[in-house]
Each structure stands twice: as structure tokens, then as C-alpha cells.
Amino acid sequence: MKLFGRSDKPPEVYDNVYAGLRQLYKTRILPLEETYNFHDFHSPALTDPDFDAKPMILLVGQYSTGKTTFIKYLLEQEFPGIRIGPEPTTDRFMVLMWDEHENQIPGNALVVDPNRQFKHLSKFGNAFLNKFQASTIDNAVLKSLTLVDTPGILSGEKHRVDRGYDFTGVLEWFAERVDRIVLLFDAHKLDISDEFRRSIEALRGHDEKIRIVLNKADRVDHQQLMRVYGALMWSLGKIINTPEVTRVYVGSFWDQPLHYDANRRLFEAEHQDLFKDLQTLPRNTALRKLNDLIKRARLAKVQAYIISSLKNQMPAMFGKDNKKKELIKGLDQTFAQIQREYQISPGDFPDVNRMREQLKDMDFSKFHSLRPRLLEAVDSMLATDVAQLMALIPKEDSLASAEINPPTIHAGAFGGAENSPFTMGSGEGVDAGRDDADWIVAKDKPNYDETFQRLNPVDGKVTGAAAKQEMIRSKLPNSVLGKIWKLADVDKDGMLDDYEWALANHLIKVRLDDNPLPNTLPDHLVPPTKRDLVE
Ligand SMILES: Nc1ncnc2c1ncn2[C@@H]1O[C@H](COP(=O)(O)OP(=O)(O)OP(=O)(O)O)[C@@H](O)[C@H]1O
Ligand SMILES: [Ca+2]
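Along each chain, residue indices are assigned from 1 in the same order as the chain's sequence is written. Starting at A for chains and at 1 for ligands, labels are handed out in the order in which the entities are written. Under the rules for a predicted model, residues below a pLDDT of 70 receive no local features and side-chain atom pairs below 80 are neither given nor counted, while totals for whole chains, interfaces and linings still include all residues.

Draft legend 1. The nonpolar core, seen in detail. For our purposes the nonpolar core covers buried Ala, Val, Leu, Ile, Met, Phe, Trp, Tyr and Cys residues that link as a set through C-beta atoms within 7 Å. Labels follow a simple rule on C-beta atoms placed from the backbone: if 20 or more others lie within 10 Å of a residue's own, it is buried; if 12 or fewer, it is exposed; otherwise it is partly exposed. With 60 residues, the main nonpolar core has Ile57, Leu58, Leu59, Val148, Ile181, Leu183 and Val213 as its most contacted residues. Remark: residues whose backbone-derived C-beta atoms lie within 7 Å of one another are considered to be in contact. If sequence neighbours within four positions are ignored, Val213 has contacts with Val182, Leu183, Leu184, Phe185, Tyr249 and Phe253. Core analysis: the second largest hydrophobic core is formed by 26 residues, Leu481, Trp485, Ala488 and Leu496 among them.

Next up, the structure:
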């Protein structure tokens with residue numbers, strides 16, 4: 001099963017890229033920005049969280065489409081404050097991020113924390129901040145990604161509530177800053193409410209970030225699914241400008257058996273495509289931040305040329321006010337002259353009228369003249385340092401082929417299960433048989449042996465292809481079966497002997513009884529014939 005890139009390696013690499021970007025910004029670009037009033041004209045100085053923020057994924061959809069379940073499925077873990085249910089459940093914007101300590105941070109605390117990127121959300125007021133929180137957990141996926149769960153969008157009149165804050169405004173704020181927007185629809189219940197329509201409209205302008213998930217697609221039969229798909233595209237066509245280029249992923253994004261499994265293969269392929277897309281986000285984010293920094297550096301240079309040129313044209317003593325007016329009026333000529341002198345393309349210049357407005361309130365005599373040293377620092381950064389950082393960003397291929405490292409469950413109800421007989425799950429599911437002297441699978445092995453023989457074992461072992469045919473009869477999704485396969489192939493020879501086969505079937509039963517699967521095989525489940533392998 002491919003889930004996400006290795007939890008330890010990539011983030012380290014990105015940390016290096018981000019640290020590199022931050023360092024370049026502070027030492028090369030920031031001095032230039034400060035000297036030539038960049039922050040008054042363009043945007044405030046970048047802060048550490050602007051560099052360190054992990055790629056973010058925003059989940060949006062009507063209530064009960066499975067947003068929170070999707071997140072739980074990705075993380076293979078519950079998180080503090082999680083609520084899943086058929087009625088509208090999630091009532092807040094919830095940011096899920098990594099921390100070694102599990103915690104819930106209220107919105108009011110988030111926006112005053114200088115180490116976080118949420119400062120500007122305070123403008124949406126208290127009604128919003130009360131419905132904004134972060135949950136932190138020690139989960140490997142969150143080491144590379146931050147996820148944002150959102151309140152379900154309501155359907156129809158009877159559900160209309162006044163949220164007391166600018167919901168679409170908040171969505172827009174996030175849309176601008178996230179790397180992916182996953183829009184969820186329920187194949188079983190496809191009705192697009194007015195509020196949802198408005199919300200999608202708020203996401204306009206970020207089309208390239210949008211991915212659409214037609215979830216719960218196994219709840220309808222094949223024919224119905226085709227109809228729902230068509231209806232979805234038709235409705236989207238009226239809201240999004242180019243729905244045909246927006247990718248739609250059809251499937252069921254949770255760890256339960258499929259209901260109608262006629263489309264198993266399609267769902268599996270769609271699943272892999274979506275996960276691959278999300279998997280490459282960390283790499284793309286590093287590239288995007290690098291590009292943004294290059295753009296910013298070029299703008300800072302132009303700003304320096306403009307401001308220093310205005311400074312040079314000012315008289316030393318008398319007639320300053322008149323000269324200032326004259327310079328503002330003739331700003332386009334100053335631009336043209338800088339273009340010629342430094343060979344800068346017109347596209348790199350700010351809007352001339354906007355700059356005229358901004359210049360009105362400025363004291364030109366405080367402007368600085370050109371300091372070549374500052375510009376050289378930025379030029380050498382663009383010429384050499386940027387290339388070095390590029391080399392640090394791993395190639396897409398190496399990321400995609402990176403081994404998965406499924407997050408371990410330490411949180412929530414599972415926290416104490418390993419070492420106390422009183423917590424939930426003890427003696428059930430994979431834990432059953434922990435204290436028995438006999439291998440718990442032994443009593444059912446005769447049954448499993450029958451199917452084993454039918455699979456034509458060679459030298460006492462069945463191949464993956466043969467086993468797969470039998471295992472998918474459980475209707476469990478391939479991602480779960482893949483995990484079971486890995487747990488059951490104890491000696492890792494890519495085949496299953498009769499003991500391993502029995503174990504695989506035992507694990508399938510455990511999962512079908514709605515118990516979670518472990519990431520490593522507990523000792524008491526290791527077949528007696530393989531015990532020497534693990535000791
Ligand atoms: N892939 C799926 N197939 C079938 N049912 C699902 C699937 N995912 C979730 N569900 C069920 O749908 C219901 C809603 O799930 P969930 O709470 O995750 O949705 P949500 O979009 O987060 O809702 P809300 O907007 O109200 O917070 C739950 O009962 C859940 O068990
Ligand atoms: Ca939810």
C-alpha cells in the first residue's frame with residue numbers, strides 16, 4: 001500500500017530547503033526591502049511561519065459527505081475533537097497539524113501565536129474565532145502535511161443557520177493559502193445547496209488547486225453512478241469555469257468494505273491517483289516557495305531602482321514639494337528610463353497608477369540612493385544560491401517510490417491499549433489470544449487450509465496473484481488488503497504458506513468485525529512456525 005512518503009526523510013530535506021529560503025530572504029532580500037520601503041508599497045516582511053508552514057490541504061463539502069472520515073482514513077488515526085456522524089457534526093474550522101504532544105488550541109490563541117501563520121484570521125472576529133481550533137497529534141502524515149477540516153455546508157432552507165461570521169470569507173482566506181482544495185460530494189445524495197454554490201464560487205480563482213472527490217461511490221450501483229457523475233459535471237459546469245479540466249476522483253475514502261464492488265478496480269485506480277497527487281505536494285510546495293521568493297527578489301530590485309532614482313532627482317534644498325508632484329506625474333518616464341538602463345522587462349514593474357497613489361504620502365527626502373552592494377547580494381543569490389536550493393528538492397520519482405511508513409496509533413482510545421487490560425479493545429480484534437498459550441488462529445486453520453489447497457500451492461506456498469483473487473472476496477479495499485498482506489507475509493518472501501494464509505484470513509476477519517489493524521504484527525499472532533524469525 002502506498003500512502004505517503006517516508007515520514008522521516010523528506011521532511012528533513014524540506015526543512016533544509018525552507019531553512020535555506022528563510023536564510024536567503026533574511027540576509028539578501030530583506031535588507032534591500034527595508035532600505036527601499038518595499039513593505040509600504042508591496043507586502044509586509046515575510047516571517048518565519050511564512051517559510052515553515054507545511055503544505056496545507058483544505059477539505060470542503062456539504063455536511064455528511066465524509067470529510068472528517070476522509071481525514072481519519074488518511075491519518076489512520078482519530079484526532080482530538082473528531083466527530084463523525086450522519087447529522088451535521090463538525091461545527092468548526094479545524095486545523096490538524098503535527099506536534100509530539102496531542103493538544104487542542106482554541107482560535108483565539110492561534111491568531112496571537114507569532115509562530116503560526118494564522119495571525120490575519122483575527123479580522124473575522126470572535127464569532128469565527130470561537131469556531132476555529134487546531135488539534136495537534138504525533139502522526140507521521142502530519143509531519144509532511146497540514147489538513148484543514150471545515151464545517152459541513154448545509155443543504156436547503158430547513159437547515160439555514162446564521163453562522164455569525166463571514167463563512168465564505170474565511171473559506172477564501174484559506175483557499176488563497178492552501179496547496180490543495182479537496183471538494184467532496186456524496187454520490188448517494190447529490191444535491192448542491194445555495195450555500196455550497198456560494199462556497200464554490202468563493203474558491204474561484206484557485207481552480208488549479210481544486211480536486212473533486214465523488215465519495216461513497218460504492219453506495220450506488222454502476223448505472224446510478226454513471227448518472228450521478230453526469231449530474232455532477234453538469235452542475236459544476238454552471239459554477240466552475242472549466243469543470244472538465246478539474247479532476248474528479250470517484251471512490252469511497254474510508255477503511256470499510258465496499259458495498260457494491262463492481263467498480264473496485266476503478267475505485268482503486270482513482271484512489272492511487274489522488275494519493276499520488278497529495279503525495280507530491282511537499283515537493284511542489286518547496287518549488288512554489290522558491291518561485292515566489294525569486295519573484296519577490298526581482299520586485300525588490302525594481303523597487304530599489306525606482307526609489308533611488310526618485311531620490312536622485314530631488315533637489316537638495318528648495319522646491320521639494322513641487323519636484324515631488326512633478327516626479328509622481330512623470331513616474332511612467334522614470335519607469336521607462338530604468339527599463340532601458342537595467343534591461344528590465346515591463347512586466348516586472350508594479351502598476352504605475354497604484355504607485356502614484358502610494359507615493360503621495362511619502363517623504364521623498366527620506367529615500368535612499370542606490371547602494372550597489374545590496375543589489376549585488378540579491379544578484380548573486382539569484383545566480384548561484386537558488387540553483388543550490390533547487391538541487392536539494394528531491395525529484396518526483398524518488399518521492400513517489402519512497403517506502404511508506406504508516407503512522408502509528410498512539411492517540412485517542414488506543415493510547416493505553418497496549419499495556420492495560422482495562423482499556424477498550426483489550427482482548428478483542430488483533431488483541432484476542434494475547435494471553436493464550438496456543439496460537440489463536442490454530443482453531444480456524446483447518447477451514448483456511450481448505451481454501452489454501454484450492455489456490456494450487458506450489459512447494460507449500462501460494463503466490464500473491466492467487467491469494468489476491470481469494471482475498472478480495474472480503475470486499476475490503478485494496479489499501480486494507482495490502483496492509484493485511486504485509487502483516488501476514490511474516491518471512492517477507494512474497495508468498496504465503498498455509499500458516500501465513502491462515503493469519504491473513506484471521507486479520508481479514510478482525511477487520512470485517514470492525515476492529516483496527518496494527519502496523520506491526522503483535523507477537524502472539526506470529527505463526528508458531530515463524531517464531532524464530534522474530535526473536
Ligand atoms: N466512504 C464512505 N462511504 C459511506 N459512508 C461514509 C463514507 N465516509 C463517511 N461515511 C459516513 O457518512 C457520515 C458522515 O461522515 P463524516 O462525519 O465524516 O462527514 P462530514 O463531511 O465530516 O460531515 P460534517 O460536515 O457534518 O462534519 C458518517 O455516518 C460516516 O460514517
Ligand atoms: Ca466532519
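Draft legend 2. View of the environment of Asp273. Along the polypeptide, Asp273 turns up in helix 10 (residues 264-279). With 24 residues separating them in the primary sequence, Asp273 and Tyr249 have C-alpha atoms 8.0 Å apart. Numbering of helices and strands runs from the N terminus, with a helix taken as a DSSP run of H or I at least four residues long and a strand as a DSSP run of E at least two residues long.

Draft legend 3. Representation of the site of ligand 1. Any residue whose C-beta atom, as set from the backbone, lies within 6 Å of a molecule or strand is reported as near that molecule or strand. Around ligand 1, the surrounding shell holds 21 residues, and the nearest of these are Gly66, Thr68, Thr69, Thr90 and Gly152. Counting residues per element, the shell around ligand 1 draws most heavily on helix 4 (residues 67-75), which supplies three residues. For the shell around ligand 1, the class distribution of residues is six nonpolar, twelve polar and three charged. Just so you know the grouping, Ala, Val, Leu, Ile, Met, Phe, Trp, Tyr, Cys and Pro go in nonpolar, Asp, Glu, Lys and Arg go in charged, and all remaining residues, Gly too, go in polar.

Draft legend 4. Representation of the sheet that holds strand 2 (residues 93-98) in the model. Whether two strands pair depends on DSSP finding at least two bridges between them. If you trace the eight strands from one edge of the open sheet to the other, you get 3-4-2-5-1-6-7-8, paired in mixed fashion. Because the sheet does not close on itself, it has two edges, and the strands there are strand 3 (103-106) and strand 8 (248-250). Taken pair by pair, the neighbouring strands of this sheet meet at an average axis angle of 20 degrees, ignoring direction. Bridge analysis of strand 3 against strand 4 (residues 132-137) gives four bridges, and the strand direction is antiparallel. Axis definition: a line fit to C-alpha positions, over the contact stretch in the case of helices; interaxial angles, taken between N-to-C directions, run 0 to 180 degrees.

Draft legend 5. Layout of helix 7 (residues 167-177). Of all the positions in helix 7, only Phe167, Val170, Leu171, Phe174 and Ala175 are classed as buried. Down the axis of helix 7, the buried side of the element spans an arc of 140 degrees, and every buried residue falls inside it. Exposed positions of helix 7 whose direction lies more than 90 degrees from the buried face are Gly169 and Glu176. If you follow the buried residues of helix 7, they end up packed against strand 1 (56-61), strand 2, helix 6 (125-129), strand 5 (146-149), strand 6 (180-186) and helix 8 (194-202). Picture the helix axis, draw a direction to every C-beta atom, and the arc is the one those directions span.

Draft legend 6. Structural detail: the packing of helix 13 (residues 331-342) against helix 14 (residues 352-360). The interhelical angle for the contact between helix 13 and helix 14, taken along N-to-C directions, is 120 degrees, at an axis separation of 10 Å. Here helix 13 is positioned oblique relative to helix 14, judged by the angle of their axes. Viewed along their axes, helix 13 and helix 14 form a crossing whose handedness is right-handed. On the side of helix 13, the interface is formed by Leu331, Asp332 and Phe335, while helix 14 contributes Val352, Met355 and Arg356. In terms of residue class, the contact of helix 13 with helix 14 is built from four nonpolar, no polar and two charged. With respect to orientation, any angle under 35 degrees is reported as roughly parallel, any angle over 145 as roughly antiparallel, any angle of 65 to 115 as roughly perpendicular, and every other angle as oblique. Handedness of each helix crossing follows the sense of rotation of the near helix against the far helix: counterclockwise by less than a right angle gives left-handed, clockwise gives right-handed.

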